[in-house]
Amino acid sequence: MRLSRYFLPVLKENPSEAQIVSHRLMLRAGMIKQASAGIYSWLPLGFKVLRKIENIVHEEQARAGHMAMLMPTIQSADLWRESGRYDAYGAEMLRIKDRHDREMLFTPTAEELITDIFRAHVGSYKDLPLTMYQIQWKFRDEIRPRFGVMRGREFLMKDGYNFDLTKEDAMHSYNRHLVSYLRTYERMGLQAIPMRADSGPIGGDDTHEFLVLADTGESEVFYDSAVTDLSFGDRDIDYNDVAQCAGVMEEFTNLYARTDETHDEALFNAIPEERRRVARGIEVGQIFYFGTKYSEALNAVVQGPDGKQSPVHMGSHGIGVSRLLGAIIEASHDDKGIIWPEGVTPFHCGIVNLKQGDAEADGACDALYQSLTALGLEPLYDDRNERAGGKFATMDLIGLPWRITVGPRGLKNGVVELTSRRTGESEEMTPEAAVQKVAEIYAGV
């Protein structure tokens, strides 16, 4: 993509309505535009990152053996009355009526709908275990939407649902989701710590939230600092191996890490004082086991191996796909702008032409663009007739991890400059070497 043809409405000044870094930088970088309170249009740059995050979620869900589907955003109120949640959910639910005066709602979550699908088509334990998920827009009418996409009313969410014959089977599904989430977040350059949490309106006894530590987090968290040394890394995992998944669960949850709703002062004080931490965290996902709460209410039963009918054990598992953009920016920025991790960057590198209109510089930039594109990479070529300082400022603001700078002076010596956005370090090398190095960087992403 050439920047002269790209819709990128960057702002030079900080928007007055933006209270936190991610909201401010997303507006300044031309990623989003507010349509109404807590509801945003996703402009091309923001939409590209949103899709990168969504693709990682899909890939890791598929790796864990979960099946993608899509459910509607508008649901019938009758299902929610059947489960008993229609009145209990509260004012966050947007209730509407269609032209026939039928009561409907804009989906805040989809336990009832997926259970209705299950009960219509599954009747035997032989069809279990079963896990399906979707990535779909949700709406929750927050009383005070703020912080941009971090606490909006409309948001993109991955919500998955498992159906199992027994609690033991369902807890394996729970552990399997925890493993897949650890992989998902690390691929995005994030450390998301699983913390014992409160189930809220979803219900159930077992639940963990995944929180990214950040000063602007909405939750107060208490944890053993040793949890920040844990990393899933590139280890191989067999998602069908019950013991292996349980081992990862134990490894990542045996140290103290809790949100304020479940904080236990006595347990916290048992941690060595030098390792006790109190901080803020951004919730980017949550997993639940809620047993037969919905299957009993909605009569989702299967015939077991003994011939008897029994309600299935269920859990639900969410990732805030749109919220993750804000969390990544909160965790990865500096005073110049965003610093995208390689796994989610909208473009793999930027190309800056220091002398637009110079035949040699134009030719070198075009050649770099073609070479990177031929390798399956997406460069963003700043071919505008702007001053070098303005071009550098734009690249720093939008946060591409790597920049190749091309100018007549360097070309006389046969070199271009490759710069890391994260470290600010630059290295001169031939154009061919710069292309090769960028390709190598992304080969393992």
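Structure shown above.
Procedures and definitions
- Residues numbered from 1 in each chain as written.
- Predicted model: local features only at pLDDT ≥ 70, side-chain atom pairs only at ≥ 80, totals over all residues.
- Heavy atoms only, no water.
- Salt bridge = Lys/Arg side-chain N within 4 Å of Asp/Glu carboxyl O.
- Helix = DSSP H or I, 4+ residues; strand = E, 2+ residues; numbered from the N terminus.
- Buried < 20%, exposed > 50% of the residue type's maximum accessible area, 1.4 Å probe, protein only.
- Pairing = 2+ DSSP bridges.
- Axes fitted to C-alpha atoms, helices over the stretch in contact; angles between N-to-C directions.
- Phe/Tyr/Trp six-rings, centres within 6.5 Å; stacked < 30°, edge-to-face > 60°.
- Lys NZ or Arg CZ within 6 Å of the ring centre and 35° of its normal.
- Contact = heavy atoms within 4.5 Å.

Asks: Just checking my understanding: could you explain the pattern of salt bridges for this structure?
Replies: Inspection of the entire model under this criterion finds 26 salt bridges. The shortest N-O distance in the salt bridge between Arg196 and Asp206 comes to 3.9 Å. In this pair, Arg196 sits in strand β9 (residues 193–196) while Asp206 sits in strand β10 (residues 206–213), placing the two residues 10 residues apart along the sequence. In this structure Arg196 comes out as partly exposed when scored by relative accessible area, which is 29%. Here Arg323 makes a salt bridge to Glu218, at a shortest N to O gap of 2.5 Å. Pair noted here: Arg323 is in helix α9 (residues 321–331) and Glu218 is in the loop between β10 and β11 (219–224), with a separation of 105 residues, a long-range link. For Arg323, a relative accessible area of 16% corresponds to the buried category. Judged by relative accessible area, Glu218 falls into the partly exposed class, the value being 27%. Among the charged side chains, a network of salt bridges with common partners joins Glu59, Glu60, Arg63, Arg183 and Arg187.

Asks: Before we go on, may I ask you to explain the pairing of strand β7 (residues 130–139) in this structure?
Replies: Counting buried positions along β7 yields 9 of 10 residues, so the element is predominantly enclosed. Pairing of β7 with strand β8 (residues 154–164) involves 10 bridges; the strand directions are antiparallel. When the bridges of β8 are listed, Ile135 appears paired with Lys158.

Asks: Before we go on, may I ask you to explain the sheet that holds strand β19 (residues 349–353) in this structure?
Replies: If you trace the 5 strands from one edge of the open sheet to the other, you get β20-β19-β21-β22-β23, paired in mixed fashion. The open sheet has two edge strands, β20 (379–382) and β23 (426–429), and neither has a second partner. The mean angle between the axes of side-by-side strands here comes to 20°, regardless of whether they run parallel or antiparallel. Pairing between β19 and β20: 4 bridges, direction parallel.

Asks: What's the story with the sheet that holds strand β5 (residues 94–97) in this structure? I'm lost.
Replies: Sheet strands pair via backbone hydrogen bonds, and the direction of the pair is either parallel or antiparallel. Spatially, 3 strands are ordered β4-β6-β5 in an open sheet, and the strand pairing comes out antiparallel. Strands with a single pairing partner mark the edges of an open sheet, and in this sheet they are β4 (74–76) and β5. Neighbour-to-neighbour, the strand axes of the sheet open up by a mean angle of 40°, direction not taken into account.

Asks: Even after reading the chapter, I still don't get the packing of aromatic side chains, so can you show me in this structure?
Replies: The geometry of an aromatic ring pair comes down to the distance between the two centres and the angle between the two planes. Evaluated as defined, the whole model comprises 11 aromatic pairs. Ring geometry for Tyr181 against Tyr185: centres 6.1 Å apart, planes inclined by 80°, an arrangement best described as edge-to-face. With Tyr181 and Tyr185 both in helix α5 (residues 167–187) and 4 residues apart, this pair spans about one turn of that helix. Per residue, the accessibility class of Tyr181 equals that of Tyr185, and both read buried. Among the aromatic side chains, those forming a connected cluster through ring pairs are Tyr181, Tyr185 and Phe210. When the ring centre of Phe347 is taken as reference, the NZ or CZ atom of Lys48 above it lies at 4.9 Å. Over the ring of Phe232 we find Arg235; its NZ or CZ atom is 4.7 Å from the centre of that ring.

Asks: Sorry, what's going on with the pairing of strand β2 (residues 39–42) here?
Replies: One ladder, built from 4 bridges, connects strand β1 (residues 32–36) with β2; its direction is antiparallel. Its bridge partner lying in β2, Ile32 is registered against Trp42. Between the antiparallel neighbours β1 and β2 lie 2 residues, among them Gly38 with a positive phi of about 75°.

Asks: Can you help me understand the environment of Pro44 in this one?
Replies: Structurally, Pro44 can be placed in helix α2 (residues 44–63). Once the C-alpha coordinates of Pro44 and Phe7 are considered, the two residues, 37 residues apart in sequence, prove to be 6.8 Å apart. When sequence neighbours within four positions are dropped, the list of residues in contact with Pro44 reads Tyr6 and Phe7.

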